[in-house]
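Okay, here's what each chain looks like letter by letter:
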Number of protein chains: 2
Amino acid sequence: METDKVLHLRKLSQQYAFSALQMHEAIARNAGFSSTDHKYLGFFIKHGSMTAGELAALTGLTTGAITGLIDRFEALKLVKRTYDPRDRRKVIILPNSKRIQSLLEPFYRKFQEETEKLLKEFSENECIVLEKFFEKSIALMTKTFTTVNQ
Amino acid sequence: METDKVLHLRKLSQQYAFSALQMHEAIARNAGFSSTDHKYLGFFIKHGSMTAGELAALTGLTTGAITGLIDRFEALKLVKRTYDPRDRRKVIILPNSKRIQSLLEPFYRKFQEETEKLLKEFSENECIVLEKFFEKSIALMTKTFTTVNQ
DNA sequence: TTATATATCTTAGCAGGTAAGATAAATACA
DNA sequence: TGTATTTATCTTACCTGCTAAGATATATAA
């Protein structure tokens, strides 16, 4: 790809990220969550259970913030605190993924449908291009995040 | 594209959005901005000057929050309040895009370089695929945001 | 056993958000 | 024209959720 096109696509990818961010925040507000809480609900669905410390490390939040976050989610019965019998200091956060999903789903349904419709427009080969781009970009952003986040 | 692949790609696109979000927040913290402020600095670079009310409408923040946001940026000389001579109630926010860019650039340099390197791996035709995906997705997310954000 | 390290929680203080009302300027209309 | 209404932004009071630092409880090391 030529330099001009590269710069154009880089801009587009920035704009994509910005739009995603805007949309997620708007949906969070609508669903009655703070932007942070909404973000980590998705995180739970993806990762399943983890300890409070792991969550703090992954998110870059302090342990104090994590305590508050778990408290809020627990009050809504979206997660449950359990304790590691082998190390009773540890708090294992057990998400109720179904309940989380069913709570968020109404707000995403239309968007997800339309995303799927959009993706169906792409051919098998085009799909591979997108896949390659996503995978490499995700790796790059995760690396950048990890580097910066210490 | 087949249904299976569609679902896989939808997941990837979600993960992409999440990674972008994480990275942006980490960079914001590093650069000494709140996540919101960082987000809107990029917004200013992209859109140029606008009125406080336009910014409130575009962001979904209340006018009170916008007043605070402009105050913070003005204190850092990143934007300047000017007044519309034809309607003196209006506050026109004049961003100092160069200063904003030079402030953020160090934190993005490496990432942008690597993104460009990654994009160079794609052919002309593949570039068109990515472009199409981005443009349509951005339109879709913007529509979703606008719908939800009222 | 005692010291140290680790995982999470608690507390105090702060930053930035909202809602509601204040202010000032523009517009509409009798 | 003068008065009422609307509009754009700012101010204020209050609230939420973050950090930093220290407390607590448990695990590990010496």
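Structure's up top.
Residues numbered from 1 in each chain as written. Chains lettered and ligands numbered in written order. Predicted model: local features only at pLDDT ≥ 70, side-chain atom pairs only at ≥ 80, totals over all residues. Heavy atoms only, no water.

*Asks:* Explanation requested: the protein's contact with DNA strand D in the structure shown.
*Replies:* With respect to spatial proximity, 20 residues lie near DNA strand D, and among them A:T62, B:G53, B:R81, B:R89 and B:V91 are the closest. Protein-adjacent atoms of DNA strand D, using a 4 Å cutoff, are sugar or phosphate at a proportion of 73%. Within the contact set of DNA strand D, a phosphate oxygen lies 2.7 Å away from a side-chain nitrogen or oxygen of A:T62. The separation between a phosphate oxygen of DNA strand D and a polar main-chain atom of B:V91 is 2.9 Å. (Near = heavy atom within 4 Å. Polar contact = N/O pair within 3.5 Å; in protein donor to acceptor, adjacent residues only side chain to side chain.)

*Asks:* I keep staring at the protein's contact with DNA strand C and nothing clicks. Help me out?
*Replies:* Neighbouring DNA strand C are 19 residues, the closest being A:G53, A:R81, A:R89, A:V91 and B:T62. Here the atoms of DNA strand C within 4 Å of the protein split so that 73% fall in sugar or phosphate, with bases taking the remainder. Here A:T67 contributes a side-chain N or O atom positioned 3.1 Å from a phosphate oxygen of DNA strand C. The side chain of B:R72 places a nitrogen or oxygen atom 3.4 Å from a phosphate oxygen of DNA strand C. Mapped onto the surface near DNA strand C, the elements with two or more residues apiece are α3 (52-59) and α4 (63-75) of chain A together with α4 (63-75) of chain B. In terms of residue count, the dominant contributor to the surface near DNA strand C is α4(A) (3 residues). Of the residues in the surface near DNA strand C, the class split is 4 nonpolar, 7 polar and 8 charged. (Helix = DSSP H or I, 4+ residues; strand = E, 2+ residues; numbered from the N terminus. Nonpolar A, V, L, I, M, F, W, Y, C, P; charged D, E, K, R; others polar.)

*Asks:* Looking at this structure, I do not really get the relation of the copies chain B and chain A. What am I missing?
*Replies:* Here the second copy of the chain follows from the first by a rotation about an axis and a shift along it. Once chain B is rotated about the relating axis by 180° and shifted along it by 0.0 Å, it coincides with chain A to within an RMSD of 0.1 Å. What the rotation and shift describe, once combined, is the action of a two-fold rotation axis. (Least-squares fit on C-alpha atoms with pLDDT ≥ 70 in both.)

*Asks:* Help me out: how do you make sense of the environment of B:L130 in this one?
*Replies:* Residues and elements named next belong to chain B. By the secondary structure assignment, L130 is in helix α6 (residues 124-148). Judged by relative accessible area, which is 1%, L130 ranks as buried. The sequence separation of L130 and L119 amounts to 11 residues, and the corresponding C-alpha distance is 9.8 Å. (Buried < 20%, exposed > 50% of the residue type's maximum accessible area, 1.4 Å probe, protein only.)

*Asks:* Help me understand the interface of chain B and chain A, please; the structure alone is not making it clear to me.
*Replies:* Interface size is commonly expressed as the accessible area that is lost once the parts come together. In this assembly, 65 residues from chain B lie in contact with 64 residues from chain A. Buried surface at the junction of chain B and chain A, both sides included, amounts to about 7,100 Å², of which 70% is carbon and sulfur. Three residues, B:M1, B:Y16 and B:M141, lead the burial of chain B against chain A; their summed loss comes to 11% of the area buried on that side. At the boundary of chain B with chain A, the tally comes to 8 salt bridges. Its salt-bridge partner being A:R10, residue B:E116 comes within 2.7 Å of it at the nearest N-O pair. For the side of chain B that touches chain A, the secondary structure elements donating two or more residues are α1 (3-31), α2 (35-47), α3 (52-59), α5 (97-120) and α6 of chain B. (Contact = heavy atoms within 4.5 Å. Buried area = accessible area lost by both parts, 1.4 Å probe. Salt bridge = Lys/Arg side-chain N within 4 Å of Asp/Glu carboxyl O.)

*Asks:* I'm lost on the nonpolar core in this one. Help?
*Replies:* Looking at soluble globular proteins, one finds that nonpolar side chains tend to be buried together. Ranked by size, the top nonpolar core spans 90 residues in total, and within it A:F44, A:F134, B:F44 and B:F134 carry the most contacts. When residues no more than four places from it in sequence are discounted, the contact partners of A:F44 are A:M50, A:L55, A:L69, A:F73, A:V79, A:I93, A:P95, A:S97 and A:I100. (Core = buried A, V, L, I, M, F, W, Y, C linked by side-chain atoms within 4.5 Å.)

*Asks:* Sorry if this is basic, but what is going on with the pattern of salt bridges here?
*Replies:* When their charged atoms lie close together, side chains carrying opposite charge are able to pair. On inspection of all chains with the given rule, the structure shows 22 salt bridges over all chains. For B:E25, the salt bridge identified is with A:K39, shortest N-O distance 2.7 Å. Placement of the pair is B:E25 in helix α1 and A:K39 in helix α2 (residues 35-47), with the two residues belonging to separate chains. When its relative accessible area of 8% is taken as the criterion, A:K39 is described as buried.

*Asks:* Help me understand the sheet that holds strand β3 (residues 91-95) of chain B in this model?
*Replies:* Whenever strands of a sheet pair, they do so through backbone hydrogen bonds, lying parallel or antiparallel. Residues and elements named next belong to chain B. Spatial ordering of the open sheet is given by β1-β3-β2, a layout of 3 strands whose pairing is antiparallel. Sheet topology places β1 (50-51) and β2 (79-83) at the edges, where each strand pairs with a single neighbour. Two elements, β1 and β3, share 2 bridges in a ladder whose sense is antiparallel. Within the sheet, the bridge partner assigned to T51 lies in β3 and is I92. (Pairing = 2+ DSSP bridges.)

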